[in-house]
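Commentary on secondary and tertiary structure
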Amino acid sequence: MLEKHIIDAVDLETTLLAESEQKAREIGVGMMKSFGFKDVDVVFVEHNGFAARIRLRAYVYRPGDKYSWASVGDER
């Protein structure tokens, strides 16, 4: 039951040079995917004319996901 209450995620907050909020989103998500994360959300973005402050969250496990290591030795 423990695995239903664990969220494994990585948050990254940075400033990106971008011409628009949409471009900052594209750059940010692309950057996180280039790090090997497959499940990425934009949590916050604020564009100020030439750059954007952005917070990204990459999930390793989402709530309710099954942990492969949690069931080891627990097979009945």
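Residues numbered from 1 in each chain as written. Predicted model: local features only at pLDDT ≥ 70, side-chain atom pairs only at ≥ 80, totals over all residues. Heavy atoms only, no water.

1. Here's the deal with helix α1 (residues 21-34)
Basically, it comes down to this: Helix and strand definitions follow DSSP, with helices as H or I runs of at least four residues and strands as E runs of at least two, each counted in order from the N terminus. Expected helix span is computed as 1.5 Å times (number of residues minus one). Here's how the labels work: a residue is buried when its accessible area is under 20% of the maximum for its type, exposed when over 50%, partly exposed in between, all with a 1.4 Å probe on protein chains only. The arc in question is the one spanned by the directions pointing from the helix axis to the C-beta atoms. Any pair of residues with heavy atoms lying within 4.5 Å of one another is described as a contacting pair.
Along its 14 residues, α1 runs 20 Å from first to last C-alpha, staying within 8% of the 20 Å computed at 1.5 Å per residue. Buried within α1 are the following residues: Ala24, Gly28 and Met32. Across the axial projection of α1, the buried residues extend over an arc of 60°, all falling on one side. Buried residues along α1 sit against β1 (8-17), β2 (39-47) and β3 (51-61). Of the residues trailing α1, Gly36 is marked for its positive phi of about 105°.

2. Remarks on the packing of aromatic side chains
Selection rule: Ring geometry is summarised as follows: Phe, Tyr and Trp rings, the Trp one being its six-membered ring, pair when their centres sit within 6.5 Å, and such pairs are stacked at plane angles under 30 degrees, edge-to-face over 60 and tilted between the two. Two limits define a charge over a ring: the Lys NZ or Arg CZ must be within 6 Å of the ring centre, and within 35 degrees of the ring normal.
By the definition in use, this model includes zero aromatic pairs. Geometry around Tyr59 places Arg62 over its ring, the cationic atom sitting 3.8 Å from the centre.

3. Considering the sheet that holds β3
Just so we agree on the cut-off: A strand pair is defined by DSSP finding two or more bridges across the two strands. All axes are obtained by fitting lines to C-alpha atoms, using only the stretch in contact for helices, and the reported angles, taken between N-to-C directions, cover 0 to 180 degrees.
Taken together, three strands build an open sheet; the order of strands is β1-β3-β2 and the sheet is antiparallel. Single-partner strands in this sheet number two, and they are β1 and β2. Adjacent strand axes in the sheet meet at a mean angle of 20° when their direction is disregarded. Here ten bridges tie β1 to β3, and the two strands are oriented antiparallel to one another.

4. Notes on the environment of Lys23
With respect to the helices and strands, Lys23 occurs in helix α1. Assessed through its relative accessible area of 35%, Lys23 is described here as partly exposed. Along the sequence, Lys23 and His47 sit 24 residues apart, while their C-alpha atoms lie 9.9 Å from each other.

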